[in-house]
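Coordinate inspection notes
Letter by letter, the chains look like this.
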Amino acid sequence: MFTTGRWRTAIGLLLLAVGSSAWGQSPVETREMGLRSGTGDHYDMIEVYGRQSADWVEDDLLRGVLPKRVSAQWDVSLGYWEGRENDSGFFAIGPVFEIQAAKTWHWRLGVQPTLISSHEDAGRDLGGPFQFTSHLGLAWAPPGALVLGVRVQHTSNARLYSSNPGVDTLSLEAGYAF
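Cut-off values and rules
- Residues numbered from 1 in each chain as written.
- Predicted model: local features only at pLDDT ≥ 70, side-chain atom pairs only at ≥ 80, totals over all residues.
- Heavy atoms only, no water.
- Helix = DSSP H or I, 4+ residues; strand = E, 2+ residues; numbered from the N terminus.
- Buried < 20%, exposed > 50% of the residue type's maximum accessible area, 1.4 Å probe, protein only.
- Contact = heavy atoms within 4.5 Å.
- Areas by Shrake-Rupley, 256 points an atom, 1.4 Å probe, with all protein chains shown as cover.
- Pairing = 2+ DSSP bridges.

**Quick look at the overall build of the protein chain**
- A count of helical and extended segments in the protein chain gives 2 helices and 10 strands.
- When the helices and strands of the protein chain are read in sequence order from the N terminus, they spell out α-β-β-α-β-β-β-β-β-β-β-β.
- The 178 residues of the protein chain split such that 43% are buried.
- Within the protein chain, contacts between residues separated by at least 24 positions form 56% of all contacts whose residues are at least 6 apart in sequence.
- Looking at the protein chain as shown, the accessible area adds up to about 9,400 Å², and 63% of this sits on carbon and sulfur atoms.

Written as structure tokens, this is what we have:
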């Protein structure tokens, strides 16, 4: 699973995000960069993510349909799954809808088409390289630039392939809004 070096890197990046929040801007900005790390079914995961507002989605698709406290964003992730026998890199990009629950709390819901480099590990076949990652998260963004969150996600191929066991993951994220 995660080696000591990887855990040290993850903790160091988390401390960097926490320490740098004093110099940041308001968390109600249009961009966020961060790190997610988690564990789940047969895999440990670490990824770098970026999130940016999707103004045209909000203006052309959401306004008049959803309340103003709902915003649209694009989420791009580049990461690494460490399996029992095989490891896999992945790339995901897709929309995220953020619902402001309170002044500093936000629910995040999204789905991302995902490409994985290896779809087999320990006798488990995810079917193929093209998957979908759906997630639900809760983020805390106090004044400053720090954003901390927890995220539950499910990655599977939506029955595109004959094998579709899916992978469920629980992860923590630390981000920096700017």
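Having seen it, we continue.
**Re the pairing of strand S4 (residues 87-100)**
- Of the strand pairs in this sheet, strand S3 (residues 70-83) and S4 are connected by 13 bridges, and their pairing is antiparallel. Paired with Leu78 across the two strands is Phe91, which belongs to S4.
- Counted along the chain from S3 to the antiparallel partner S4, the turn is 3 residues long.
- Two strands pair when backbone bridges link them, and S4 and strand S5 (residues 105-116) are joined in this way by 8 bridges, in the antiparallel orientation. Along S5, the bridge assignment pairs Val96 with Gly110.
- Remark: 4 residues form the turn of the hairpin made by S4 and S5, two consecutive strands paired antiparallel.

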